[in-house]
Amino acid sequence: MNQDDLKRMVGKAALDYVEPDSVIGVGTGSTVNCFIEALVHSRMRIESAVSSSEATTKLLQAAGIRVVDLNQTGGLDVYIDGADEFDQHRRLIKGGGGALTREKIVAAASRKFVCIADESKQVGVLGKFPLPVEVIPLARSLVARKMVALGGQPQWRENFTSDNGNWILDIHNLDLVDPVAMEKAINNLPGVVTCGLFAIRPADLVLIATNEGIRIS
């Protein structure tokens, strides 16, 4: 199977964690798009969805799924999202698509966070994928210097603005042996909205698509 086949497989597998008539959180990215497609084809009725990005909102609405604001819902039953990387402890790097802040908010509001990914995203130690950091535009250079002091090599994601109107720094070669400590350190920097480390609140389970089927971590 190619990577697209694996994404479709794991997107369909995530349906097992969605209860009919529930309110769910939906993430962003190509694997999540496969989940949305599987949800539509299943004809399962859900009450509504909270979206982590404008792109996902458009897809959900086009599929006839009602999108609501998180402020109207309280806690969510489940959050389905992908990852750019994950480790054996279900800690993640997210934000390759630039939706990390809303993804982190929706994940925090959910009782269960189900991450869906193919086996190529699993790593022994996080950090092969550059770590996205969302920053207030005024603070871009300041945060970049702070990231250098933390041992990283920041690269501004030029010509990209998040759905929140902010900019992204992609941090290369950062030591993430202790991702919880690094997440706290980066998020405490003035001008940082949040970073793409999901280690303080990792996924509750990861569904991993392999050529042999779905593996659960």
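Residues numbered from 1 in each chain as written. Predicted model: local features only at pLDDT ≥ 70, side-chain atom pairs only at ≥ 80, totals over all residues. Heavy atoms only, no water.

The next subject is unusual backbone geometry. Across the chain, the bulk of peptide bonds are trans and the bulk of non-glycine residues have phi less than zero. Of note in this structure, Asp21 is not a glycine but carries a positive phi near 65 degrees. Relative to the elements of secondary structure, Asp21 occurs in the loop between α1 (3-13) and β1 (23-26). Residue classification places Asp21 among the partly exposed positions, given a relative accessible area of 44%. Here the phi dihedral of Asn159 falls at roughly 60 degrees; this positive angle occurs in a residue that is not glycine. As for its placement among the helices and strands, Asn159 is situated in the loop between β8 (153-156) and β9 (167-172). Under the relative-accessibility criterion, Asn159 is labelled exposed at 84%. (Helix = DSSP H or I, 4+ residues; strand = E, 2+ residues; numbered from the N terminus. Buried < 20%, exposed > 50% of the residue type's maximum accessible area, 1.4 Å probe, protein only.)

Attention shifts here to the sheet that holds strand β12 (residues 205-210). Strand order in this open sheet of 6 strands is β2-β1-β3-β6-β12-β13, and the pairing throughout is mixed. On the outer flanks of this sheet lie β2 (48-51) and β13 (213-216), each paired with one strand and no other. Recorded for the sheet is a direction-independent mean angle of 25 degrees between the axes of neighbouring strands. Relative to β2, β1 is paired through 4 bridges, and the arrangement is parallel. Within the sheet, the bridge partner assigned to Val26 lies in β2 and is Ser51. Across the sheet, α1 is in contact with β6 (113-118), β12 and β13; its angle to β12 comes to roughly 140 degrees. Packed onto the sheet, helix α3 (residues 54-62) meets β1 and β2 and runs at close to 160 degrees relative to β2. (Pairing = 2+ DSSP bridges. Axes fitted to C-alpha atoms, helices over the stretch in contact; angles between N-to-C directions. Contact = heavy atoms within 4.5 Å.)

Judged by how many residues are buried, β12 sits mostly within the fold: 6 of 6 residues are covered. Examined bridge by bridge, β6 and β12 share 5 bridges and lie parallel to one another. The residue bridging Asp118 from the neighbouring strand is Ala209, located in β12. Taking the residues that link successive antiparallel strands as the turn, the β12-β13 hairpin has 2 residues.

Below, the discussion takes up a nonpolar patch on the surface. On the surface, Ile136, Leu138 and Val193 cluster together into a nonpolar patch covering about 310 Å² of accessible area. By the element assignment, Val193 lies in strand β10 (residues 192-195). Val193 sits in the partly exposed class, given a relative accessible area of 33%. (Patch = residues over 30% accessible without salt bridge, like charges linked within 9 Å, V, L, I, M, F, W, Y side chains within 5 Å. Areas by Shrake-Rupley, 256 points an atom, 1.4 Å probe, with all protein chains shown as cover. Salt bridge = Lys/Arg side-chain N within 4 Å of Asp/Glu carboxyl O.)

Going through the model one piece at a time under the given rule, you end up with 10 salt bridges. Between Glu103 and Lys94 there is a salt bridge, with the nearest N and O atoms lying 3.3 Å from each other. Classification of Glu103 by relative accessible area gives buried; the value is 3%. Sharing partners across several salt bridges, the network here consists of Asp81, Lys94 and Glu103.

What follows is about the sheet that holds strand β4 (residues 85-86). One open sheet holds the 3 strands; their spatial order is β4-β5-β11, and the pairing between them is antiparallel. Each of the sheet's edge strands pairs with one partner strand only, and the pair in question is β4 and β11 (197-198). Sheet analysis places strand β5 (residues 92-93) next to β11, joined by 2 bridges and oriented antiparallel. By the bridge assignment, Leu92 is partnered in β11 with Phe198.

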